[in-house]
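Coordinate inspection notes
Spelled out from the first residue to the last, the chains are:
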Amino acid sequence: MSALGDIAVVGLAVMGQNLILNMNDHGFKVVAFNRTVSKVDDFLEGPAKGTNVIGVRSIEEMVKALKKPRRVMLMVKAGGVVDEFIDAIAPHLEKGDIIIDGGNSNYDDSIRRTKSLAEKGLLFIGTGVSGGEEGARRGPSIMPGGDPRAWPHVKEIFQAIAAKAPDGLPCCDWVGEDGAGHYVKMTHNGIEYGDMQLICEAYQLMKEGLGMSADEMSAVFANWDEGDLDSYLIEITSEILGFKDDDGKALVEKILDTAGQKGTGKWTGISSLNLGVPVTLIGEAVFARCLSSIKDERVQASKILTGPKGKFSGDKKAFVQDIEQALLASKIVSYAQGFMLLREAAKEYKWNLNYGGIATMWRGGCIIRSVFLGKIKEAFDRNPGLSSLMVDPYFSGVLNKCQAAWRRVIATAVELGVPVPALTTALCFFDGYRSETLPHNLLQAQRDYFGAHSYERIDKPRGEFFHTNWTGRGGKVASSTYTV
Ligand code: 2AM
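In short, a report on the structure. (Residues numbered from 1 in each chain as written. Predicted model: local features only at pLDDT ≥ 70, side-chain atom pairs only at ≥ 80, totals over all residues. Heavy atoms only, no water.)

Now for the overall build of the protein. Helices and strands together make up the secondary structure of the protein, namely 19 helices and eight strands. For the protein, the spread of C-alpha atoms along the three principal axes comes to 80 × 70 × 50 Å. In the protein, the share of contacts with a sequence separation of at least 24, taken over all contacts with a separation of at least 6, comes to 68%. For the protein, the exposed area adds up to about 23200 Å²; of that, 54% sits on carbon and sulfur atoms. Within the protein, one finds 55 positive and 59 negative side-chain charges whose respective centroids are separated by 3 Å. (Helix = DSSP H or I, 4+ residues; strand = E, 2+ residues; numbered from the N terminus. Contact = heavy atoms within 4.5 Å. Areas by Shrake-Rupley, 256 points an atom, 1.4 Å probe, with all protein chains shown as cover. Lys, Arg positive; Asp, Glu negative; His and termini not counted. Charge placed at Lys NZ, Arg CZ, Asp CG, Glu CD.)

Moving on, we come to the packing of helix 4 (residues 80–89) against helix 5 (residues 107–119). If you want to describe how two helices pack, look at the angle between their axes and the distance between the axes. For the pair helix 4 and helix 5, the least separation of the axes is 12 Å and the interaxial angle reads 10°. With respect to helix 5, the axis of helix 4 lies roughly parallel. From helix 4, Val82, Asp83 and Ile86 reach across to helix 5, where they touch Arg112, Arg113 and Leu117. For the contact of helix 4 with helix 5, a count of residues per class yields three nonpolar, no polar and three charged. (Axes fitted to C-alpha atoms, helices over the stretch in contact; angles between N-to-C directions. Parallel < 35°, antiparallel > 145°, perpendicular 65-115°, else oblique. Nonpolar A, V, L, I, M, F, W, Y, C, P; charged D, E, K, R; others polar.)

Attention shifts here to the site of the ligand. Taken together, Gly11, Leu12, Ala13, Asn34, Arg35, Thr36, Lys39, Met75, Val76, Lys77, Val81 and Phe85 make up the full set of residues near the ligand. A distance of 2.6 Å separates an oxygen atom of the ligand from a polar atom in the side chain of Lys39. Starting from 470 Å² of accessible surface for the ligand in isolation, the protein chains cover 79%. In the shell around the ligand, the residues fall into six nonpolar, three polar and three charged. (Near = heavy atom within 4 Å. Polar contact = N/O pair within 3.5 Å; in protein donor to acceptor, adjacent residues only side chain to side chain.)

What follows covers the sheet that holds strand 7 (residues 141–146). Here we have eight strands laid out as an open sheet, ordered 3-2-1-4-5-6-7-8, and mixed in their pairing. Of all the strands in the sheet, the pair left with one neighbour each is strand 3 (54–55) and strand 8 (176–177). Judged from the two bridges that link them, strand 7 and strand 8 form a sheet pairing that is parallel. The residue of strand 8 that forms the bridge with Gly145 is Gly176. Of the strands in this sheet, strand 5 (98–101), strand 6 (123–130) and strand 7 touch helix 5, which is tilted by about 155° from strand 6. (Pairing = 2+ DSSP bridges.)

Right, let's talk about helix 10 (residues 232–242) for a bit. Among the residues of helix 10, those classed as buried are Leu233, Ile234, Thr237, Ser238 and Leu241. Looking straight down helix 10, one finds its buried side chains confined to an arc of 140°; they lie on one side. Those residues of helix 10 hidden inside the fold are in contact with helix 8 (180–209) and helix 9 (214–224). (Buried < 20%, exposed > 50% of the residue type's maximum accessible area, 1.4 Å probe, protein only. Arc of directions from axis to C-beta.)

This next bit is on the environment of Pro91. Position of Pro91 among the secondary structure elements: in the loop between helix 4 and strand 5. Considered as a pair, Pro91 and Val175 are 84 residues apart in the sequence and their alpha carbons are 28 Å apart.

Positionally, Thr268 belongs in helix 11 (residues 264–275). Residue Thr268 is classed as buried on the basis of its relative accessible area, which comes to 0%. At 2.8 Å, the side chain of Thr268 and the backbone oxygen of Thr264 are in polar contact. Those residues in contact with Thr268 that sit more than four places away from it in its chain are Met186, Thr187, Gly190, Ile282 and Leu341.

What follows concerns the pairing of strand 6. Here strand 6 lies mainly inside the structure; eight of its eight residues are buried. What you see with strand 6 is no split at all: Leu123, Ile125, Thr127 and Val129 on one side and Phe124, Gly126, Gly128 and Ser130 on the other are buried throughout. Here strand 5 runs beside strand 6; their pairing, made up of four bridges, is parallel. Bridge pairing in strand 6 links Ile100 to Ile125. With helix 5 bridging strand 5 and the parallel strand 6, this β-α-β connection has right-handed handedness. Here six bridges tie strand 6 to strand 7, and the two strands are oriented antiparallel to one another. Counterpart to Gly126 in the pairing with strand 7 is Gly145. (Right-handed = clockwise from strand over helix to strand, strands pointing away.)

A few words now on the pattern of salt bridges. Taken as a whole, this structure holds 28 salt bridges when the rule is applied. Close ionic contact of Lys67 with Asp6 constitutes a salt bridge, the shortest N to O distance being 2.4 Å. Of this pair, Lys67 sits in the loop between helix 3 (59–64) and strand 4 (71–74) while Asp6 is found in the segment before strand 1 (7–10), placing the two residues 61 residues apart along the sequence. Here Lys331 ties to Asp195 by a salt bridge, and the two come within 3.6 Å at their closest N and O atoms. In this pair, Lys331 sits in helix 14 (residues 316–349) while Asp195 sits in helix 8, placing the two residues 136 residues apart along the sequence. As far as the burial class goes, Lys331 and Asp195 line up, both buried. (Salt bridge = Lys/Arg side-chain N within 4 Å of Asp/Glu carboxyl O.)

Let us now look at the side chain of Thr412. Looking at where Thr412 falls in the secondary structure, it is placed in helix 17 (residues 393–416). Excluding its chain neighbours within four sequence positions, the residues that come into contact with Thr412 are Phe312 and Phe319.

Bringing a nonpolar patch on the surface into the picture now. There is a patch of nonpolar side chains on the surface, built from Tyr449, Phe450 and Trp470 and spanning about 400 Å² of accessible area. Here Trp470 is to be found in the segment after helix 19 (440–451). (Patch = residues over 30% accessible without salt bridge, like charges linked within 9 Å, V, L, I, M, F, W, Y side chains within 5 Å.)

Shape descriptors only; they carry no functional weight alone.
As structure tokens, this is what we get:
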């Protein structure tokens, strides 16, 4: 083995350390560096003891320790810190060297960094890394984008350390140019928000609506994990519900009900609004976290506002089965929305995204990994240009089969006063998407009435605009219009 390192990793927080150990396990020689240099020593004497990891104490030393083209991966806090490090490292590198940002960076930053480094002859990769600490150590999902010329130089390392899907395919492939990798990672996180919210709504329905215990619910989730919902998040939910505090009671019931967030779900919502894509379920999931966080206000309101007093009187076992189907149908809508967003972003940013490949990357290693993603991969294999997952023959069949149960669940939740925003928005989207006619003829009339925004007619060709003087007082002049 050459004395020089294959790749350097900067940033020895837990994700950085675990990625280094994972690379080392796969036979790569890794150079480790951190701003606080004492952490390099701690790492070498601790988790990296006995490995081939090379510790360095300065950027100069790091650059000298690397094979060419040099590969430097940043695992530091997202934001300005990444730019600071790039500015510090770039002057020490040569044309063709590669800087990789493996943090949760915003795709706009990755677009900018790809461009500005290319101007210096350096190749940038912005990559999503998902799977938390455990994933980083044992095999994460890796979603790299950036300068395509860099991909052949990192492919071997990334695909070696990535998780493998059940059929052995690595959960890592080239996503696309500049910010595509971080965009796909952001969308992954948004979908993760949606999946978690759906699970929480199922939990609340079973707990408040059906009066089930944590142990009973744990068993239900374990059972669902054997079926179409088989996934990491369903599995850990079962374990969480079964987990006991020191006093033998379920720990989950002692946790304060205010959710935090770091921002990737919000970014997904912002991007969907900017691009005009109705990603309603992720939006609801972000807002549900916001509502949860105003705990004091909710406590006050709970003393003033009342809700239904009725209890569930039907067949509980059958209703639990209905919830399973409602979850599955809503999940299809959420992923369909996520892929609609990716399709629009690809158009906007001129990325050539491979949707089946993205589903493969998410099949293992990451938080949303599931059997379901295998079905999505199959759908895109059947038709790479699929307009929506919802119209794929398999998924449309599931939606049609589940919808009666889905409607029963939502109707019951509404009657019981249990909030199910994600389940509900998914059904509303389904009903809207399958509607040939929506009421926006009236909306266009309103816009024309008060703002002379004009409208098109169903009995005239598209693109021909009309304005009516609705009141007899308005003029004949239409205002200019814009589309979102
Ligand atoms: P540190 O150990 O010196 O704090 C995750 O927080 C990683 O990002 C750590 O390696 C941390 O380095 C690094 N980091 C956080 N803020 C930083 C900053 N302002 N400058 C450089 N590195 C930073």
